[in-house]
Amino acid sequence: MSAENIADFDLVIVGAGLAGAALALAVADLPLKVALVEAQAVREGWPQIEESVFDYDARVSALTDASRGFLDEIGAWSDIASRRACAYTDMEVWDGEGTGRIHFSASEVRRPALGHIVENRLINASLINNLRENARVKCFFGMPVETMSRQQAGISLHLAGGRVVRSPLVVAADGANSKIREWAGFVTREWDYHHHAIVATVETELPHSNTAWQRFLPEGPLAFLPLPDTAAEQRYCSIVWSAKPDIAEHLMSLDDDDFCRELAAKFEHRLGRVLAASRRFSFPLRQRHAADYVSDGVVLLGDAAHTIHPLAGQGINLGFQDAAVFAQECRRACERGVPLFDASVLNRYQRRRKGGNLAMMAMMEGFQHLFETPVMPLRLLRNTGMRWLDSALPLKRQIIAKAMGLSDKP
């Protein structure tokens, strides 16, 4: 192979999704040669924005304050906020099979918002636009990795078209079905939730009042996440409806009018009638966690390391925390003159992230089982517990701070 087709780097990041692109931007100012490899072609500029139930991205993220702060630190937040983001100030959670209810408010922790609902396409566009303007990160877009091999000097990634990138350290940020993770031989623990998630954008009769809503049903949780609109009517929401496969199949088979009626009924008409719905998407839910995040010059990040139930929208927040912590460890290594691939650097990243990710995954799984149980004593207990928690302000403040990423900000 000719020398011009081979490029050497200090760090190669595979995957220009949200976590991978954020990491690339976070380390762009370090004295490192960094490459970002993405299999798909990446669009330039910003997507055109129109106000219509059909124009919102079906994939949205509920960004915590910690995630918003991280995006701000790397220069990506202001462009997002100036286009379309919805700060939500309140959250309503209630048991569909009882009287339990909890109301969370940003005012309880003296914050302007609990978080922000943002379309994934806008987050990604801001990250990619910033990377295109940064000459210190070499981007290989539309070039899937075809094979990976190890040499004494490090890892070689053979890209489509004949290019080869080499580095002693590769970050796998290529998603839940990561090929890099598979080729590197990481062991994962995974299981099926036996649920499918249905996502769509809906228009409601009543305004959402900058509130995130979640009703727990026996077949799975139903969430309404508020979306912004410049008309200030607050009538658009992104829904995430988790249901058993047969129920999800039935819901996907309904025409739009019947789906809207069924959705409004299951939501107890909290926002009145559901007037319109965009195209629906459905996908199976599966939890996965890698036994290790680092191995022989490969680091796992974001969904390549862990995927969880979308119960509280924590998936991308965990991914951004991974990126923030790994960037911190890279900066620390550069300041001390330690190679990035040194075991002390990689092990610190794993120690700082693995415990918190596991704790969040365990909590989400516990919530799922608690609200699925038909056992009457447990149903009474959870409803009593929810009512008690709603009145226990000090504990509520701790829960809000944890959910916002304030108590363990990376």
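This one's a predicted model, so the numbers in the text were calculated from it and none came from an experiment.

**Thoughts on helix H2 (residues 65-73)**
Looking at H2, one finds that the buried residues are Asp 65, Ala 66, Ser 67, Gly 69, Phe 70 and Leu 71. The secondary structure elements touched by the buried residues of H2 are helix H1 (18-26), strand E4 (60-63), helix H3 (77-81), helix H4 (120-132) and helix H8 (315-336).

**A look at the packing of aromatic side chains**
Tallying each qualifying case throughout the model produces nine aromatic pairs. Between Phe 9 and Phe 140, the ring centres sit 6.1 Å apart and the planes meet at 90°, which makes this aromatic pair edge-to-face. Residue Phe 9 is located in the loop between strand E1 (6-8) and strand E2 (11-14), and its partner Phe 140 is located in strand E9 (residues 137-141); the two are separated by 131 residues in the primary sequence. Like Phe 140, Phe 9 is buried. When the centroid spacing of 5.6 Å and the interplanar angle of 55° are considered together, the rings of Trp 94 and Phe 267 count as tilted. Pair noted here: Trp 94 is in strand E6 (residues 90-95) and Phe 267 is in the loop between helix H7 (256-266) and strand E18 (274-277), with a separation of 173 residues, a long-range link.

**A look at the nonpolar core**
A general tendency of soluble globular proteins is for nonpolar side chains to be buried together. Counting 75 residues, the largest nonpolar core has Leu 71, Leu 127, Leu 157 and Phe 326 as its most contacted members. The element that contributes the greatest number of residues to this core is H8, accounting for nine residues. Look past the residues within four positions of Leu 157 in its chain and what remains in contact with it is Val 12, Val 14, Val 145, Thr 147, Met 148, Arg 163, Val 164, Val 165, Val 170 and Ile 180. Trp 213, Trp 241, Phe 267 and Ala 277 belong to the second-largest nonpolar core, a separate cluster that totals 23 residues.

**Notes on the pairing of strand E19 (residues 281-290)**
Across nine bridges, strand E14 (residues 188-204) lies against E19 in antiparallel orientation. Looking at the pairing, Arg 189 lines up with His 289 of E19. Across two bridges, the pairing between E19 and strand E22 (residues 306-307) is antiparallel. If you follow Arg 288 over to E22, its bridge partner there is Thr 307.

About the thresholds
- Residues numbered from 1 in each chain as written.
- Predicted model: local features only at pLDDT ≥ 70, side-chain atom pairs only at ≥ 80, totals over all residues.
- Heavy atoms only, no water.
- Buried < 20%, exposed > 50% of the residue type's maximum accessible area, 1.4 Å probe, protein only.
- Helix = DSSP H or I, 4+ residues; strand = E, 2+ residues; numbered from the N terminus.
- Contact = heavy atoms within 4.5 Å.
- Phe/Tyr/Trp six-rings, centres within 6.5 Å; stacked < 30°, edge-to-face > 60°.
- Core = buried A, V, L, I, M, F, W, Y, C linked by side-chain atoms within 4.5 Å.
- Pairing = 2+ DSSP bridges.

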